[in-house]
Amino acid sequence: MSVFEDGDVVLGKSVVEISVLVLNASYEAINVCTLKRAMKMIVKGVARTEEATEWEIHSPTISLKIPSVIRLVNYVHIPHCVVKFSRKNVFIRDQYICQYCEKLFHLPMLTIDHVVPRSRGGETVWDNVATACKKCNTKKGNRTPREARMFPKRSPKAPSILTYLYLNRHFRTYDSSWTKYLYII
Ligand SMILES: [Zn+2]
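Residues numbered from 1 in each chain as written. Predicted model: local features only at pLDDT ≥ 70, side-chain atom pairs only at ≥ 80, totals over all residues.

Digging into the domain arrangement of the chain
Thinking step 1. When its domains are assigned, the chain resolves into domain 1 (9-79 + 161-181) and domain 2 (87-148).
Thinking step 2. With four residues of domain 1 in contact, the opposing surface of domain 2 contributes four residues. (Domains from an automatic or database assignment. Contact = placed C-beta atoms within 7 Å.)

A closer look at the nonpolar core
Thinking step 1. With 19 residues, the main nonpolar core has Val20, Leu21, Leu23, Val69, Ile70 and Tyr181 as its most contacted residues.
Thinking step 2. Listing elements by their share of this core, those giving two or more residues are β3 (19-23), α1 (35-44), β6 (63-72) and α5 (161-170).
Thinking step 3. Residue contributions to this core peak at four residues, all from β3.
Thinking step 4. Leucine 23 has contacts with Glu28, Ala29, Ile30, Glu50, Val69, Ile70, Arg71, Leu72 and Tyr181, leaving out every residue within four places of it along the chain.
Thinking step 5. Residues Cys98, Val129, Ala130 and Cys136 belong to the second largest nonpolar core, which totals eleven residues. (Core = buried A, V, L, I, M, F, W, Y, C linked by C-beta atoms within 7 Å. Buried ≥ 20, exposed ≤ 12 C-beta atoms within 10 Å, placed from the backbone. Helix = DSSP H or I, 4+ residues; strand = E, 2+ residues; numbered from the N terminus.)

Some words on the environment of leucine 104
Thinking step 1. If you trace the backbone, leucine 104 turns up in the loop between α2 (87-93) and β7 (110-114).
Thinking step 2. Sequence separation between leucine 104 and tryptophan 126 is 22 residues; the distance between their C-alpha atoms is 20 Å.
Thinking step 3. Once residues within four sequence positions are removed from consideration, leucine 104 is found in contact with Tyr96 and Ile97.

Topic: unusual backbone geometry
Thinking step 1. Even without glycine at this site, glutamine 95 takes up a positive phi of about 55°.
Thinking step 2. Among the secondary structure elements, glutamine 95 is positioned in the loop between α2 and β7.
Thinking step 3. Look at tyrosine 96: it is not a glycine, yet its phi comes out positive at around 60°.
Thinking step 4. Tracing the backbone through its elements, the reader meets tyrosine 96 in the loop between α2 and β7.
Thinking step 5. Judged by local crowding, tyrosine 96 falls into the partly exposed class, with 17 C-beta atoms found within 10 Å.

Structure (structure tokens):
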């Protein structure tokens, strides 16, 4: 059964433009799909709505709230993917926000802070680096967070491939209901 055709419009957007977050049965975010595909999965019974918008869709046979997050009924094994560590990817993970003063900066104003400084044995790895503006990085200097009393807003960790792809492409337009399933603010 088809719920939508490609040309259908919901909330002023084509049904193939609206993104829905797909969770595994384990609540792990595994994909982003179009509303059209999400509705097909719901109708087939492959997925259920986990978070719904306040909007409803009506067709002759079905009346459903428009989902923003769906969850697979059966668990699907997905091999672990790792995002390449790089300065640019750290900025993307942190959405160009200084993890100390929590302000958004343009690229030239940003630096990579070693949470535990290199001089104290801190490594250059996902879970020991945070995006910092030049001012905060200088202020923190060669001190640990405890010594400087400056703690990153979020404990740094490697982003999942999905989070990375999502932030990289669409980080300004995600639905607020996605945030608790992704490594974003
Ligand atoms: Zn700052």
